[in-house]
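# Fold and contact review
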Amino acid sequence: AISTRYVFLAIVVIFAARWYQKNQDIQLRMSTDALPSRIQLFLTAHNLTAVIDGNLAAIGYGNTTRPGLHPDAPKKRHPIVIVPGLTSCGLEVWKAHPCLGDEFFRLRIWGDVSMAQAILNNWTCWLHHIALDPRTGLDREGVRVRAATGLKSADYFVGSYWLWARAIQNFADIGYNEKDIFLACYDWRMAFPLLEERDGYFSGMQLDIERLVARGEKAVVLSHSMGSNVWFYFMSWVESKSPGWVDRHIESWANIAGSMLGAMGPLAAFLSGEMDATAALGPFGPLMESFALTFDAMRDIYWSMGGLGAILPMGGTTVWGSEATGWTDTPADVITFDSSLNASDLRGDLDNIYAKVQEKKDKMLLSQLPSWTSYSRELQRPDPNRSDPRRFGNPLATALPNAPNMKIFCLYGVDQPTERAYRYGLRQVRWRFADSVLMPETRFLHWSGSRPIEDTIKSLESYLSDLAVAKRSVRIDNGGSEKVFESIPKAIAGLEKLLNQPDPHLQDWMRIVTGYHSNSTEDPWENGVDGKYTYGVAKTDGDSTVPIVSLGYMCTNGWRDFKEFNPAGIKVYTKEFRHQPSRMVSDTRGLPATAKHVDVIGNTELITDVLKIVAGEKQGLEQ
């Protein structure tokens, strides 16, 4: 009876949503009273009227309109500057390698359907264009890729997956047009200093904001995710050249889901080429995994991206804690190792990890690449002269500008398990069949999970009973190399030989132990999340991508409690949005009350608040 009822419920809710979308156009005024009479009788007979109305209201279709269309919506006032997050900006080809061809000129290599075309035609060619030269941090030879411009540069990602589109539509509702909004897209792959060196990005942003403000009102800045790090860097950069510029030009800064102290996903990407699907790179991480590259190859691509280096965790063990110093937001070292391993020199606190990067010898030394050298990540006393550009993006080493008239609004989601710590093992390998075609009928390849050599051998042995399968070639991804064997028995023999070899470079074998799970009794903080491992990853509270300590510490403590970080006494207001996703089957992104990292920029309550900020009506927000 229960299953039948909910089948009815799902069918009717989907039907009702689609009917309203078709018949109510813009305002989408929704309640069951507006449904055809026969549908109303059906709902009443099955006691579903109240449930349906609840679901419709939950996705913002209740007796409400878009925030910008609400009768009490404010009116346009301040010009708007939008700084999108990592991977949000489209990237266009301005000079293609012959493998891509001139017909791709000014088409998007990232962020549009043309990206899918490029991948399907030649995925290695696509990688050649999307990855940077790791040693220079700039385009590879024979390639020129640049950020798209205009409002369309970050409104949607590949078709109808909205990014800033919903917010922009609401801005239009209260009187804004394209000339009032500056969407400051940038090449998110690049280290921040190189954005200015190659593209003049920060100089251009300064001029564009000055043009907007010349009309009479100061600007309001809306930044999201890594865009908040970009904006913070810009404020430091412009103040070093023109002290007082921020106070003269900026009314408010809405810091939306800002990764102010970094995130953990990029750390795993830099250490071993691994990143959880929910981490900061959004769709880029899973896409890279689908190409079946080795971990080392993936890590080298991540290393080439200086933008990713900007959101490695900042503040060291002082901020992120450790077993030795005590915990901050979760009872787990950033990295732990299998207890059976002799890894005493591989302490898992952040200070030790960064020290190891500096001394690690590798075929391509991370400590010499722009993705590492462009930034300072330590907790330091701010320099009032702003003489070290490496500090510009670090709020724990550079103070807010002298802008006492500016307001800061920190808006971010909570209640979502978020990547925080990793269980690493040494001598981890993974495998896949080597004779698979990359994308037969759009299917991607997949590796097995990372496992100890002994477990991988057992996994391969399970296929020996099928003679046809046992004859297939096998590709092995192990520390620092990739091996291909012409059959499963030969792969097993190769792994057994590898098992008995000495390990002069154990750190090259570091991989997340995807088979590791905390047992049912392990729950350090008795909340079912903090310090508990699933598939080798421990989570903490956050917005599913950025941990709460990065989202909120500077907003609720650092800029409020320490004058060194906020010498002008800028007022900082914080609002946390609890994740309350819609139960509607047809709304996979959980509107109107989702608080996930990307989706929060479409959150109805957040957009309502942002409209007040850009209109200068901040009553009720300043608390």
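As a reminder, the structure under discussion sits directly above these lines.
Residues numbered from 1 in each chain as written. Predicted model: local features only at pLDDT ≥ 70, side-chain atom pairs only at ≥ 80, totals over all residues. Heavy atoms only, no water.

## Considerations on the packing of aromatic side chains
Short version of the rule: Side-chain rings of Phe, Tyr and Trp, where Trp is taken by its six-membered ring, are said to pair if the distance between their centres is within 6.5 Å; with planes under 30 degrees apart they count as stacked, over 60 as edge-to-face, and otherwise as tilted. Secondary structure elements are defined from DSSP: runs of H or I of at least 4 residues count as helices, runs of E of at least 2 residues count as strands, and each element is numbered from the N terminus. Categorising residues by exposure relies on relative accessible area from a 1.4 Å probe, with only protein chains included: less than 20% of the type maximum marks a residue as buried, more than 50% marks it as exposed, and the intermediate range marks it as partly exposed. Here, a charge over a ring means that NZ of Lys or CZ of Arg falls within 6 Å of the ring centre while also lying within 35 degrees of the ring normal.
Using the criterion set out here, one finds 25 aromatic pairs in the structure. Aromatic side chains Trp-110 and Trp-188 sit 5.4 Å apart centroid to centroid with 65° between the ring planes, which places their arrangement in the edge-to-face category. Of this pair, Trp-110 sits in strand β3 (residues 108-110) while Trp-188 sits in the loop between β7 (181-183) and α7 (192-199), placing them 78 residues apart in sequence. In this structure, Trp-110 and Trp-188 share a single accessibility class: buried. Lying across the ring of Trp-303, Arg-299 places its NZ or CZ 4.3 Å from the centre. Positioned above the aromatic ring of Tyr-516, the side-chain terminus of Arg-423 is 4.3 Å from the ring centre.

## Remarks on the state of the cysteines
Short version of the rule: We call a pair of cysteine sulfur atoms a disulfide when they lie within 2.5 Å.
The full count for this structure, using the stated rule, is three disulfides. Between the sulfur of Cys-89 and that of Cys-185 lies a disulfide, 2.2 Å long from S to S. Around the S-S axis, the bridge from Cys-89 to Cys-185 shows a dihedral of about -100° and counts as left-handed. You can see Cys-89 sitting in the loop between β1 (80-83) and β2 (91-95) and its partner Cys-185 sitting in the loop between β7 and α7, a full 96 residues away along the chain. Residue classification places Cys-89 among the buried positions, given a relative accessible area of 0%. Across the disulfide, Cys-410 is cross-linked to Cys-555 (sulfur-sulfur distance 2.1 Å). Its S-S torsion of approximately -80° makes the covalent link between Cys-410 and Cys-555 left-handed.

## Thoughts on the sheet that holds β7
What counts here: Only strands joined by at least two bridges in the DSSP assignment are considered to pair. To get an axis, fit a line to the C-alpha atoms, keeping to the stretch in contact for a helix; angles then go from 0 to 180 degrees between the N-to-C directions.
Ordered by their spatial adjacency, six strands build an open sheet running β7-β1-β8-β9-β11-β20, and the pairing between neighbours is parallel. At either end of the open sheet lies a strand with only one pairing partner, and these are β7 and β20 (571-578). Across the sheet, the axes of successive neighbouring strands diverge by a mean angle of 15°, strand direction being ignored. Pairing of strand β9 (residues 250-256) with strand β11 (residues 407-414), which is carried by five bridges, proceeds in the parallel orientation.

## Re the nonpolar core
Which entries qualify depends on this criterion: Working definition of a nonpolar core: buried Ala, Val, Leu, Ile, Met, Phe, Trp, Tyr and Cys residues. They are joined through side-chain atoms within 4.5 Å.
Ile-109, Trp-253 and Trp-559 are the most contacted members of the largest nonpolar core, which totals 148 residues. Broken down by element, this core gets its largest block of residues, nine residues, from helix α9 (residues 226-241). Trp-431, Ile-453, Ile-457 and Ala-491 belong to the second-largest nonpolar core, a separate cluster that totals 15 residues.

## Some remarks on the side chain of Asn-229
Here is the rule we go by: Throughout, a contact is declared for two residues whenever any of their heavy atoms are within 4.5 Å.
Relative to the helices and strands, Asn-229 resides in helix α9. The class for Asn-229 is buried, based on a relative accessible area of 1%. Other than its neighbours up to four places away in sequence, Asn-229 contacts Phe-192, Ser-259, Met-260, Ala-310, Ile-311 and Met-314.

## Points about unusual backbone geometry
Backbone geometry places Asp-415, a non-glycine residue, at a positive phi of 75°. Locating Asp-415 in the fold gives a position in the loop between β11 and β12 (416-425).

## A closer look at α9
To be explicit about the condition: What a helix is expected to span follows from its residue count: subtract one and scale by 1.5 Å.
Helix length check: α9 (16 residues) gives 23 Å between terminal C-alpha atoms against 22 Å at 1.5 Å per residue, within 8%. The element α9 is extensively covered by neighbouring structure, given that 14 of its 16 residues are classed as buried.

## Considering helix α21 (residues 548-561)
Test applied: To obtain the bend at a residue, axes are fitted to the seven residues ending there and to the seven starting there, and the angle between these axes is taken.
Along α21, the sharpest kink reaches roughly 45°, centred on Met-554. Taken together, the buried positions of α21 are occupied by Ile-548, Val-549, Ser-550, Leu-551, Gly-552, Met-554, Cys-555, Gly-558 and Trp-559. Considering only its buried residues, α21 is in contact with α9, β9, α15 (316-320), β11, β19 (537-542) and β20.

## Some details on the pattern of salt bridges
How we decide: Here, a salt bridge means any side-chain nitrogen of Lys or Arg that lies within 4 Å of a carboxyl oxygen of Asp or Glu.
Within the structure shown, the criterion is met by 23 salt bridges. Of the charged contacts, one joins Arg-189 and Asp-187 as a salt bridge, the two residues approaching to 2.7 Å between their closest N and O atoms. Since its relative accessible area comes to 0%, Arg-189 is described here as buried. For Asp-187, a relative accessible area of 1% gives the class buried. Members of the salt-bridge network, linked through shared partners, are Asp-139, Arg-146, Asp-187, Arg-189, Arg-198 and Asp-199.

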